[in-house]
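Each chain, letter by letter, is given below.
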Amino acid sequence: QVQLVERGGGLVQPGGSLRLSCAASGIIFSITAMGWYRQAPGKQRELVADITAAGSTDYAGSVKGRFTISRDNAKNTVYLQMNSLKSEDTAVYYCATRPSNTYWGQGTQVTVSS
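A. Up close: the environment of Ser17. You can see Ser17 is positioned in the loop between strand S2 (10–12) and strand S3 (18–25). Once the C-alpha coordinates of Ser17 and Arg66 are considered, the two residues, 49 residues apart in sequence, prove to be 9.5 Å apart. Those residues in contact with Ser17 that sit more than four places away from it in its chain are Val12, Gln81, Met82, Asn83, Ser84 and Leu85. Within polar-contact distance, the side chain of Ser17 engages the side chain of Asn83 at 2.9 Å.

Dropping the structure here:
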């Protein structure tokens, strides 16, 4: 069956960095677009970044210039490098297949706080 497993969340101070990873199995990863979403308490889930099978990327305005999405097809893994983190980046981060959002990971908590 399909599994998406996120890793890399944690507690970081404002201005710090974290790198999330999402390992996929059960799908043909190399031809699958992927996305990172986040959901903060009391807010709707939002798309943070996505990457096509060919490697084209797109970002939410709130993270553009700070976050970078990338993929390693040899490892069936998509990454989210998060720099210059702000308190408003605090959320549970999920990876999902795109564009249908059929499959989701379990989420990883990112907390930005001093």
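B. Molecular detail of the state of the cysteines. According to the stated counting rule, one finds 1 disulfide in the structure shown. The disulfide bridge from Cys22 ends at Cys95, spanning 2.0 Å between sulfur atoms. Note on the Cys22 and Cys95 pair: the S-S dihedral is about 55 degrees, so by sign convention the disulfide is right-handed. Of this pair, Cys22 sits in strand S3 while Cys95 sits in strand S9 (residues 91–98), placing them 73 residues apart in sequence. As far as the burial class goes, Cys22 and Cys95 line up, both buried.

C. Fine view of the pattern of salt bridges. Scanning the model with the defined rule gives 4 salt bridges in all. In this structure, the salt-bridge partner of Arg38 is Glu46, at a minimum N-O distance of 2.7 Å. Between Arg38 and Asp89 there is a salt bridge, and its shortest N-O distance comes to 2.9 Å. Linking Arg38 in strand S4 (residues 33–39) with Asp89 in the loop between strand S8 (77–82) and S9, this pair joins segments that are 51 residues apart in sequence. We note that Arg38, like Asp89, is buried. Several salt bridges share partner residues, and in doing so they unite Arg38, Glu46, Arg66 and Asp89 into one network.

D. Local environment of the side chain of Thr77. Relative to the elements of secondary structure, Thr77 occurs in strand S8. Residue classification places Thr77 among the buried residues on the basis of a relative accessible area of 7%. Side-chain polar atoms of Thr77 contact the backbone oxygen of Lys75, separated by 2.7 Å. Ignoring any residue separated from it by four or fewer positions in sequence, one finds Thr77 in contact with Ser21, Cys22, Ala23, Phe29, Ser70, Arg71 and Asp72.

E. Structural context of the sheet that holds strand S10 (residues 108–112). One open sheet accounts for 6 strands, arranged S2-S10-S9-S4-S5-S6; its pairing is mixed. Looking along the sheet, the strands with just one partner apiece sit at the ends: S2 and strand S6 (57–59). Here the strands of the sheet are splayed against their neighbours by 25 degrees on average, with no regard to which way each runs. Strand direction decides the pairing type here: strand S5 (residues 46–51) and S6, joined by 3 bridges, are antiparallel. Opposite Ala49, over in S6, you have Tyr59 as the bridge partner.

Here is what the cut-offs are and how they apply
Residues numbered from 1 in each chain as written. Predicted model: local features only at pLDDT ≥ 70, side-chain atom pairs only at ≥ 80, totals over all residues. Heavy atoms only, no water. Helix = DSSP H or I, 4+ residues; strand = E, 2+ residues; numbered from the N terminus. Contact = heavy atoms within 4.5 Å. Polar contact = N/O pair within 3.5 Å; in protein donor to acceptor, adjacent residues only side chain to side chain. Disulfide = S-S within 2.5 Å. Buried < 20%, exposed > 50% of the residue type's maximum accessible area, 1.4 Å probe, protein only. Salt bridge = Lys/Arg side-chain N within 4 Å of Asp/Glu carboxyl O. Pairing = 2+ DSSP bridges. Axes fitted to C-alpha atoms, helices over the stretch in contact; angles between N-to-C directions.

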